[in-house]
Amino acid sequence: MEDILTVFKASKYCNVSSKTIINWIESGHISAYKTVGGHRRIKKSDLEAFMKKQGIPIPEDGIAEERIRILVVDDDPIIVETIVQALEEDEYDYEVISAADGFEAGIQVTHFKPRLLILDIMMPDIKGYEVCRKIKSREDTKDTKIIVLSAYLDDEKFEKMKEYGADLCFSKPLPLPQLKEEVARLLGLN
């Protein structure tokens, strides 16, 4: 089967921004199709033909497969599944895993080393402030971005979460398009 690339992978292959790839697709320079979810996909052979025509060097070692890791922590399996599926289908090709409790989340932060953590702070065994403080105070995790979710927090408590290291706070239920946009923004992808 022929290699199919996401916009993000194509951008890494060409060493340009994702927006540049989208512009090339929209102007008809590169053939692409859209998935049911509306995401663009490009045949590697079509991209390489365009690159040759434009004199863009084709990397000999291919595309670096280092994917951006995201950890979703929530004790509600429906919310976890919804967020994980939305992020996995995103054009940036994230590697997403989940944890259902604070203990599992601690293990995953240490071993999976996510670049971004989506954290429901109203779980029975999680003290959200403490989780944020610990992650941001450790040398190996201090750059991890944290998005806090809660159905029960007001603006004052959200501000307190930010003081402890949360980068963004959202009330549940959250609009998935906005979450995906904020994830990409926090990771410097758009």
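Here the structure is shown first, and the text comes after it.
What comes next is a walk through the structure. Each chain has its residues counted from 1, following the order in which its sequence is written. In keeping with the predicted nature of the model, local features appear solely for residues at pLDDT of at least 70, side-chain atom pairs appear and are counted solely at 80 or more, and the whole-chain, interface and lining totals rest on all residues. Only hydrogens and water are set aside when side-chain values are computed; all heavy atoms of the structure are taken into account.

Description of the overall build of the protein
Here is step 1 of the chain: Secondary structure elements follow DSSP: runs of H or I no shorter than four residues count as helices, runs of E no shorter than two count as strands, and numbering proceeds from the N terminus. Each helix and strand in the protein was counted, giving eight helices and eight strands.
Here is step 2 of the chain: In terms of overall dimensions, the protein has C-alpha extents of about 55 × 35 × 30 Å along its principal axes.
Here is step 3 of the chain: Burial classification: accessible surface area is computed with a 1.4 Å probe over protein chains only, and a residue below 20% of its type maximum counts as buried, one above 50% as exposed, and the rest as partly exposed. Looking at the protein as a whole, 43% of its 190 residues qualify as buried.
Here is step 4 of the chain: Here the contacts in the protein between residues at least 6 apart in sequence split such that 62% fall between residues at least 24 apart.
Here is step 5 of the chain: Counting only carbon and sulfur atoms, one obtains 49% of the accessible surface of the protein, whose full area is about 10,600 Å².
Here is step 6 of the chain: Positive: Lys, Arg. Negative: Asp, Glu. His and the chain ends are not part of the count. In this description, the location of a charge corresponds to atom NZ of lysine, CZ of arginine, CG of aspartate or CD of glutamate. If the 27 positive side-chain charges of the protein are averaged to one point and the 35 negative ones to another, these points end up 4 Å apart. Contact criterion: two residues are considered in contact whenever any of their non-hydrogen atoms come within 4.5 Å of each other. The method behind every accessible area is Shrake-Rupley, applied with a 1.4 Å probe, and residues are considered shielded solely by the protein chains displayed.

Digging into the environment of Ile56
Here is step 1 of the chain: You can see Ile56 is positioned in the loop between α3 (44-54) and β4 (69-73).
Here is step 2 of the chain: C-alpha of Ile56 to C-alpha of Tyr33: the two residues are 23 residues apart in sequence and 22 Å apart in space.
Here is step 3 of the chain: Discounting chain neighbours no more than four positions away, the residues touching Ile56 are Cys14, Trp24, Phe50 and Met51.

What to know about the environment of Phe170
Here is step 1 of the chain: One can find Phe170 in strand β8 (residues 168-171).
Here is step 2 of the chain: Non-local contacts of Phe170, meaning those with residues more than four positions away in its chain, are made with Ile147, Val148, Leu149, Ser150, Phe158, Gln178, Leu179 and Glu182.

With respect to the packing of aromatic side chains
Given two aromatic rings, one states the distance between the centres and the angle between the planes to describe the pair.
Here is step 1 of the chain: Only Phe, Tyr and Trp rings are paired, with Trp represented by its six-membered ring, and only when their centres lie within 6.5 Å; those with planes under 30 degrees apart are stacked, over 60 edge-to-face, the remainder tilted. Following the criterion strictly, the structure yields four aromatic pairs and no others.
Here is step 2 of the chain: For the pair Tyr92 and Tyr94, a centre-to-centre distance of 6.0 Å together with 45 degrees between the ring planes defines the contact as tilted. Tyr94 carries the same exposure label as Tyr92, and that label is buried.
Here is step 3 of the chain: With a centroid separation of 5.4 Å and 50 degrees between ring planes, the pair formed by Tyr129 and Tyr164 is classed as tilted. Of this pair, Tyr129 sits in helix α6 (residues 128-137) while Tyr164 sits in the loop between α7 (155-163) and β8; the two residues are 35 residues apart in sequence, bridging distant segments of the chain.
Here is step 4 of the chain: Here Tyr129 falls in the partly exposed class, since its relative accessible area comes to 24%.
Here is step 5 of the chain: One aromatic cluster is present, built from ring pairs that chain together Phe8, Tyr92 and Tyr94.
Here is step 6 of the chain: Geometrically, a lysine NZ or arginine CZ counts as sitting over a ring once it is within 6 Å of the ring centre and also within 35 degrees of the ring normal. Note that Arg69 overlies the ring of Phe112, its terminal NZ or CZ placed 5.8 Å from the centroid.

Some points on the packing of helix α1 (residues 7-14) against helix α2 (residues 18-26)
Each pair of packed helices can be described by the angle between their axes along with the distance between the axes.
Here is step 1 of the chain: All axes here are fitted lines through C-alpha atoms, helices being fitted over the stretch that makes contact, and every angle between N-to-C directions spans 0 to 180 degrees. Their axes nearest at 8 Å, the elements α1 and α2 cross at an angle of 105 degrees. In terms of their interaxial angle, α1 and α2 are classed as roughly perpendicular. Residue-level contacts link Val7, Phe8, Ala10, Ser11 and Cys14 of α1 to Ser18, Ile21, Ile22, Trp24 and Ile25 of α2.
Here is step 2 of the chain: Residue type decides the class: Asp, Glu, Lys and Arg count as charged, Ala, Val, Leu, Ile, Met, Phe, Trp, Tyr, Cys and Pro as nonpolar, and the leftover types, Gly among them, as polar. For the contact of α1 with α2, the class distribution of residues is eight nonpolar, two polar and no charged. Roughly parallel refers to an angle under 35 degrees, roughly antiparallel to one over 145, roughly perpendicular to one between 65 and 115, and oblique to any angle outside these ranges.

Observations regarding the pairing of strand β3 (residues 40-43)
As a general feature of sheets, a regular strand has side chains that alternate between the two faces.
Here is step 1 of the chain: Pairing between two strands is assigned when DSSP locates at least 2 bridges connecting them. Pairing between strand β1 (residues 4-6) and β3: three bridges, direction antiparallel. When the sheet's bridge partners are listed, Thr6 is paired in β3 with Arg41.
Here is step 2 of the chain: Where strand β2 (residues 33-34) lies against β3, two bridges are found, and the strand directions are antiparallel. In the sheet register, Lys34 faces β3, and the bridge partner there is Arg40.

Considering the sheet that holds strand β5 (residues 95-99)
Here is step 1 of the chain: An order of β5-β4-β6-β7-β8 is seen for the five strands of this open sheet, with the pairing classed as parallel. In the strand order of this sheet, the two ends are held by β5 and β8, each with one partner. Adjacent strand axes in the sheet meet at a mean angle of 15 degrees, parallel and antiparallel pairs treated alike.
Here is step 2 of the chain: Pairing of strand β7 (residues 145-150) with β8, which is carried by four bridges, proceeds in the parallel orientation. By the bridge assignment for β8, Val148 is matched with Cys169.
Here is step 3 of the chain: Lying over the sheet, helix α4 (residues 77-88) contacts β4, β5, β6 (116-120) and β7, oriented at roughly 170 degrees with respect to β5.
Here is step 4 of the chain: In this fold α7 packs onto β7 and β8, with an angle of close to 150 degrees to the strand it touches most, β8.

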